[in-house]
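Report on the structure
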Amino acid sequence: MGRRTSLKPTDRRERQIEKVSEIVAGGPDDDPPMSVVIDAALAHLIQSETNICEAHDELDPATIQKFNTDVLGLRYRTEVQSRWR
């Protein structure tokens, strides 16, 4: 991973961070720091990829396809592909 890109607070990124912050928050009055929000999002991505990889031995392809996202997707029950880039 290159470190050549800085985190620029674009409108879209701000909305995404706000949504993740709402998910991570312990309640309506909780305002978690951005580092906690980013850590939670990264942990979720890693866990999702692990779950999809492990589930392909137990579930049929049509069911697995329902769990594909814009970032992760399982194709033909053989590999997990990142669609992010």
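That block above? That's the structure.
This text gives an overview of the structure that appears in the document. Per chain, residues are indexed from 1 in the order of the written sequence. Side-chain atom pairs in this predicted model are given and counted only at pLDDT of 80 or more, local residue features only at pLDDT of at least 70, and totals for whole chains, interfaces and linings cover all residues. As a rule here, side-chain values come from all non-hydrogen atoms in the structure, and water together with hydrogens is ignored.

1. Side note on the packing of helix α1 (residues 11-24) against helix α2 (residues 34-55)
For helices, the axis comes from a line fit to the C-alpha atoms of the stretch in contact; other axes are also lines fit to C-alpha atoms, and the angle between any two N-to-C directions lies between 0 and 180 degrees. A helix here means a DSSP run of H or I that spans at least four residues, while a strand means a run of E at least two residues long, and both kinds are numbered starting from the N terminus. Contact geometry of α1 with α2 gives a least axis separation of 9 Å together with a crossing angle of 85 degrees. On the basis of their axis angle, the class for α1 and α2 is roughly perpendicular. Contacts between α1 and α2 pair Ile-17, Val-20, Ser-21 and Val-24 from the former with Met-34, Val-36, Val-37, Ala-40 and Ala-41 from the latter. Each residue is assigned to one of three groups, with Ala, Val, Leu, Ile, Met, Phe, Trp, Tyr, Cys and Pro labelled nonpolar, Asp, Glu, Lys and Arg labelled charged, and all others, Gly among them, labelled polar. Of the residues belonging to the contact of α1 with α2, the class tally is 8 nonpolar, 1 polar and no charged. For this classification, under 35 degrees means roughly parallel, over 145 means roughly antiparallel, 65 to 115 means roughly perpendicular, and everything else is oblique. Contact criterion: two residues are considered in contact whenever any of their non-hydrogen atoms come within 4.5 Å of each other.

2. What to know about the side chain of Ser-21
Its location among the elements puts Ser-21 in helix α1. Given the relative accessible area of 13%, Ser-21 is considered buried. Ignoring sequence-local partners within four residues, the contact set of Ser-21 consists of Asp-31, Pro-32 and Val-37. Classification of residues uses two cut-offs on accessible area relative to the type maximum, computed with a 1.4 Å probe and protein chains only: under 20% is buried, over 50% is exposed, and between them is partly exposed.

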